[in-house]
Amino acid sequence: MKIEILRLISVVEHGVDGAETGAINLIYSFLLQKYKLDFYSYIRINQIGEDLQEFVMKEGNKIHINIRYPASEDYELKTVPERDLIRLDIIHKALLRLAANDLRIQVKELDNIKNEILQNRFLFDIQYKEWRYKKDEKINAKIVIRPYEDRFDFFVLIEEGKKQICRLLIYQGKTTDFYIDDLFFYGKWKSINEFIITGKNKEVEIHVYIQDKKVKYLNLTSYEKAPFFEMMRANISKEDASRSYEDWLHSLPPAYAAIIRRADD
């Protein structure tokens, strides 16, 4: 599955922009692929005010949509379900605009996506990766992501056929796709009772012990805690986040770190 092919942003005060849109972005990216409406590599939806023009603009295989949608001054004070409904409404209306310009996108299918989100109350387990056990193809390991407004929960599922053997929470990350491949891209069966997950940056090995239903983390870096792995956690204190960020910068080539530090100033 492509992790994120849709992104909702805003340029208005009290708009829907920010990290909180990460969950609905991931849900829509998943469902557009499920319903085979992933004709575009990227769809950016921008909530605008009266000062800007609405449009649907194609750029290569990407789509940019400006949609005028009134912002509520108390948006930040609304409940999570209320904010979810606003974000859903903006995306659905924007995709209807796209459907009017692209006959491949059926309004009925967009309505089905919206209804599925409402029926599931915005709760989805989105499969990211799957690895079969070569000695017994009925056994497989999956990583699934359950997106929330304030975090992404990552689970490893071990299944035998349709039977779930275990489901273990392995990580609670920030609401962005920025780190997912770097932390969870590779999977390897060491034995029928041990499955190992690593990322592209090879900071941490996550060892899943199926029979004991336990998870252990092996830090592969020279730091006390793996910098990037810790930095992208959702459940981390400000002090630990700052320390992890500094360690991450220190781990980069000096020229890259200098560029990032100048950008931070």
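Look above for the structure.
Residues numbered from 1 in each chain as written. Predicted model: local features only at pLDDT ≥ 70, side-chain atom pairs only at ≥ 80, totals over all residues. Heavy atoms only, no water.

A. Region of the structure containing the overall build of the protein chain. Along the protein chain, the regular secondary structure elements total seven helices and 12 strands. Rg of the C-alpha trace for the protein chain: 20 Å, near the compact-globule value of 18 Å for 265 residues, within the 12% margin. For the C-alpha atoms alone, the extent of the protein chain along its principal axes is close to 55 × 50 × 40 Å. Burial analysis of the protein chain (265 residues in total) assigns 44% to the buried set. In the protein chain, the proportion of contacts linking residues at least 24 apart, taken out of those at least 6 apart, comes to 46%. Accessible surface computed for the protein chain: about 14,400 Å², of which carbon and sulfur atoms make up 50%. Once the 42 positive and 43 negative side-chain charges of the protein chain are each reduced to a mean point, those two points are 7 Å apart. (Helix = DSSP H or I, 4+ residues; strand = E, 2+ residues; numbered from the N terminus. Rg over C-alpha atoms; globule rule 2.2 N^0.38 Å. Buried < 20%, exposed > 50% of the residue type's maximum accessible area, 1.4 Å probe, protein only. Contact = heavy atoms within 4.5 Å. Areas by Shrake-Rupley, 256 points an atom, 1.4 Å probe, with all protein chains shown as cover. Lys, Arg positive; Asp, Glu negative; His and termini not counted. Charge placed at Lys NZ, Arg CZ, Asp CG, Glu CD.)

B. Inspection of the packing of helix H2 (residues 80–101) against helix H3 (residues 107–119) at higher detail. The geometry of H2 relative to H3 is characterised by a closest axis approach of 10 Å and an angle of 170° between their N-to-C directions. Considering the angle they form, H2 stands roughly antiparallel to H3. Judged by residue contacts, Leu85, Leu88, Asp89, His92, Leu95, Leu96 and Ala99 of H2 engage Val107, Leu110, Asp111, Lys114, Ile117 and Leu118 from H3. Tallied by class, the residues present in the contact of H2 with H3 amount to nine nonpolar, one polar and three charged. (Axes fitted to C-alpha atoms, helices over the stretch in contact; angles between N-to-C directions. Parallel < 35°, antiparallel > 145°, perpendicular 65-115°, else oblique. Nonpolar A, V, L, I, M, F, W, Y, C, P; charged D, E, K, R; others polar.)

C. Region of the structure containing the pairing of strand E8 (residues 163–173). Alignment of strand E7 (residues 152–160) against E8, held across nine bridges, turns out to be antiparallel. Bridge assignment links Glu160 to a residue of E8, and that residue is Lys163. The turn joining E7 and E8, which pair antiparallel and follow one another in sequence, is formed by two residues; a positive phi near 65° is taken by Gly161. (Pairing = 2+ DSSP bridges.)

D. Examining the environment of Thr175 more closely. As for its position among the elements, Thr175 is in the loop between E8 and helix H4 (180–184). Judged by relative accessible area, Thr175 falls into the buried class, the value being 12%. Thr175 sits 59 residues away from Ala234 along the chain, and the two C-alpha atoms are 8.0 Å apart. Look past the residues within four positions of Thr175 in its chain and what remains in contact with it is Ala19, Glu20, Gly22, Tyr148, Glu149, Asp150, Arg151 and Phe152.

E. Representation of the environment of Lys135. Positionally, Lys135 belongs in the loop between strand E5 (126–133) and strand E6 (136–147). For the pair formed by Lys135 and Asn193, sequence separation is 58 residues and the distance between their alpha carbons is 12 Å.

F. Fine view of the sheet that holds strand E4 (residues 62–68). With mixed pairing, the four strands of this open sheet are ordered in space as E1-E2-E4-E3. Of all the strands in the sheet, just strand E1 (6–10) and strand E3 (55–59) have a single pairing partner and so form its edges. Averaged over neighbouring strand pairs, the angle between their axes works out to 15° when direction is ignored. In this fold helix H1 (residues 22–34) packs onto E1 and strand E2 (42–48), with an angle of close to 145° to the strand it touches most, E1. Lying over the sheet, H2 contacts E1, E2, E3 and E4, oriented at roughly 120° with respect to E4.

G. Highlighting the nonpolar core. In this structure, Tyr28, Ile43, Ile45, Leu95, Phe154, Tyr179 and Phe184 are the most contacted members of the largest nonpolar core, which totals 71 residues. Setting aside anything within four residues of it in sequence, one finds Leu95 in contact with Leu6, Tyr28, Leu32, Ile43, Ile45 and Leu110. (Core = buried A, V, L, I, M, F, W, Y, C linked by side-chain atoms within 4.5 Å.)

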